[in-house]
Amino acid sequence: MHLTERQRPPAGDWFAGPGPGPAPVPGAPRLICFPYAGGTASVYRDWQARLGVPVVPVQPPGRGPRLREPPYTDLDALVSDVTDALLAAGLVHDYALFGHSMGALVAYEVACALRERGAPGPRRLFVSGSRAPHLYADRADHALGDEELRRLVHDLGAVAPGDRVAGAYLERRLPVLRADLTACERYRWRPRRPLGCPMTAYSAVGDPLAPVPHVEAWRAYTGASLLRRHVAGGHFFLNGPARRPLLRDLRTELTRTTEEKEPSWTY
């Protein structure tokens, strides 16, 4: 689905406000965050307060305040429209991008789209819980029946056993999750020159969707440096105990001066 100019929602609808937070760290870039498949901008709701930098969570159609809008099933259309929205909102100056799982793929493609339009590139691209783009399109999870899809989500750790609230939430989100998975599984990477910005790629010890070699493969997508961080947890580690070191590392990277050396660590 690609929305026409008449159908396209206002640019402001794409971006969820995080609410008041601390004064931004001087010189730190804005962090634009993309959710995982089936996720909403709310996963980043407290990041501005915790990171001390401006955080702009992206809210795609089909969820949150945009629940009545049909979700995308074509990733190229999603990327084109969110890129339009970022440009219209004046958000692509002194910024960084973060995405988890599907969000990492969208963040990468948005960075490429902004480059093609002559816009400034991100200061850094953070990709989390995601294989490199050329390794997508080898799954067909969108075609699973509802029960199989529920089982997959539970197995990946998105819903804790016995959590009735999260289980009820999942039931409401199945259609948008299926649409997001369709977009990812129809996606085909187009060879392009590497991005000019440095990257940080996060892998998790127990993530079957983004094993270490598939995360390491992001190295070919930057002409600058790539840091690969390895954390505890599974595919949804950013919602678990690894969240604290993840946020601590993001804050360090976002507030680092260009002269400082980049450290290496593993949790």
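Residues numbered from 1 in each chain as written. Predicted model: local features only at pLDDT ≥ 70, side-chain atom pairs only at ≥ 80, totals over all residues. Heavy atoms only, no water.

S.K.: Sorry, what's going on with unusual backbone geometry here?
M.R.: Excluding glycine, a negative phi dihedral is what most residues carry, and trans is how most peptide bonds are arranged. A positive phi angle, close to 50 degrees, is found at D94, a residue other than glycine. Relative to the helices and strands, D94 is located in the loop between helix 2 (75–88) and strand 3 (95–100). The phi dihedral of S101 is positive, around 55 degrees, even though this residue is not glycine. The residue S101 is located in the loop between strand 3 and helix 3 (102–116) in this model. Taking the relative accessible area as the measure of exposure, S101 reaches 13% and is therefore buried. (Helix = DSSP H or I, 4+ residues; strand = E, 2+ residues; numbered from the N terminus. Buried < 20%, exposed > 50% of the residue type's maximum accessible area, 1.4 Å probe, protein only.)

S.K.: Just checking my understanding: could you explain the sheet that holds strand 1 (residues 30–34) for this structure?
M.R.: Each strand in a sheet pairs with another by means of backbone hydrogen bonds, the pair being arranged parallel or else antiparallel. Strand order in this open sheet of six strands is 2-1-3-4-5-6, and the pairing throughout is parallel. Strands at the two margins of the open sheet, each flanked by one partner only, are strand 2 (55–57) and strand 6 (226–231). Pairs of neighbouring strands in the sheet enclose a mean axial angle of 15 degrees, with direction left out of account. Examined bridge by bridge, strand 4 (residues 125–128) and strand 5 (residues 199–204) share four bridges and lie parallel to one another. From the neighbouring strand, V127 faces strand 5, where its bridge partner is A201. Here helix 3 sits on the sheet and contacts strand 1, strand 3 and strand 4; the angle it forms with strand 3, its principal contact strand, is near 145 degrees. (Pairing = 2+ DSSP bridges. Axes fitted to C-alpha atoms, helices over the stretch in contact; angles between N-to-C directions. Contact = heavy atoms within 4.5 Å.)

S.K.: Looking at this structure, I do not really get the pattern of salt bridges. What am I missing?
M.R.: Where charged atoms from two side chains of opposite charge approach closely, those side chains can pair. Enumeration over the complete set of coordinates arrives at twelve salt bridges. Salt-bridge contacts for D180 lead to R63; the nearest nitrogen and oxygen are separated by 2.9 Å. Here D180, found in helix 5 (residues 164–186), pairs with R63, found in the loop between strand 2 and helix 2; they are 117 residues apart in sequence, far enough to count as distant. For D180, a relative accessible area of 3% puts it in the buried group. The salt bridge involving R123 is made with D94; its shortest N-O contact spans 2.6 Å. In this pair, R123 is assigned in the loop between helix 3 and strand 4 and D94 in the loop between helix 2 and strand 3, connecting sequence segments 29 residues apart. (Salt bridge = Lys/Arg side-chain N within 4 Å of Asp/Glu carboxyl O.)

S.K.: What's the story with empty space enclosed by the protein in this structure? I'm lost.
M.R.: Remark: the empty space left among the atoms is shown by a probe the size of a water molecule rolled over them. Using the criterion set out here, one finds two cavities of 30 Å³ or more in the structure. Of the volumes computed, that of the largest cavity is approximately 70 Å³. Only helix 2 and helix 3 provide two or more residues apiece to the lining of the largest cavity. The space that makes up the second largest cavity amounts to roughly 30 Å³. Around the second largest cavity, the lining residues are P60, P61, R63, Y72, L78, M102, D180 and A183. Taken together, the residues of the lining of the second largest cavity sort by class into six nonpolar, no polar and two charged. (1 Å grid on protein atoms, 1.4 Å probe; cavity = no way out; pocket = protein on both sides within 12 Å on 5 of 7 lines; lining within 4 Å. Points joined across faces, edges and corners; volume = space filled by probe spheres on them. Nonpolar A, V, L, I, M, F, W, Y, C, P; charged D, E, K, R; others polar.)

S.K.: Any chance you could explain the nonpolar core here in plain terms?
M.R.: Most often, soluble globular proteins have nonpolar side chains that are buried together. In terms of nonpolar packing, the biggest core is built from 52 residues, with I32, F34, L125 and W218 touching the most fellow members. Contributing elements (two or more residues each) for this core: strand 1, helix 2, strand 3, helix 3, strand 4, helix 5 and strand 5. Look past the residues within four positions of F34 in its chain and what remains in contact with it is Y44, V58, V82, L97, F98, G99, H100, G103, V106, A107 and V110. Y44, L51, V55 and L246 belong to the second largest nonpolar core, which has 24 residues in total. (Core = buried A, V, L, I, M, F, W, Y, C linked by side-chain atoms within 4.5 Å.)

S.K.: Looking at this structure, I do not really get the environment of G103. What am I missing?
M.R.: Take G103: it is sitting in helix 3. With a relative accessible area of 0%, G103 lands in the buried category. In this structure, G103 is in contact with F34, P35 and Y36, ignoring residues within four places of it in sequence.

S.K.: How should I be thinking about the pairing of strand 3 in this particular structure?
M.R.: On a regular strand, one side chain projects to one face of the sheet and the next to the other, so that they alternate. For strand 3, the buried fraction is high: six of the six residues fall into the buried class. In terms of strand pairing, strand 3 meets strand 4 through four bridges, oriented parallel. The partner of G99 across the bridge, within strand 4, is V127. You can see the chain leave strand 3, run along helix 3 and come back into strand 4, and the turn it takes is right-handed. (Right-handed = clockwise from strand over helix to strand, strands pointing away.)

S.K.: Whenever I open this one, the environment of Y95 confuses me. Can you help?
M.R.: Among the structural elements, Y95 can be located in strand 3. A C-alpha to C-alpha distance of 5.2 Å links Y95 and P122, two positions 27 residues apart in sequence. Sequence-distant contacts of Y95, that is, excluding residues within four places in its chain, are made with P29, R30, I32, L114, P120, G121, P122, R123 and R124. A polar side-chain atom of Y95 sits 2.7 Å from the main-chain carbonyl oxygen of P120. (Polar contact = N/O pair within 3.5 Å; in protein donor to acceptor, adjacent residues only side chain to side chain.)

S.K.: I tried to follow the confidence of the model for the protein chain on my own but got confused; where do I start?
M.R.: Low-confidence regions, as indicated by low pLDDT, have predicted coordinates that should not be scrutinised in detail. Here the protein chain averages 83 in pLDDT, while 77% of its residues score no lower than 70. Taking the mean pLDDT of every element in the protein chain, the minimum, 70, falls on helix 4 (residues 146–155) and the maximum, 98, on strand 4. Contacts from residues 163–167, a stretch scored under 50 in pLDDT, to residues over four places away or in other chains number two contacts. Counting interchain partners and residues more than four positions distant, the pLDDT-below-50 stretch residues 257–267 has 21 contacts. (pLDDT = per-residue confidence, 0-100.)

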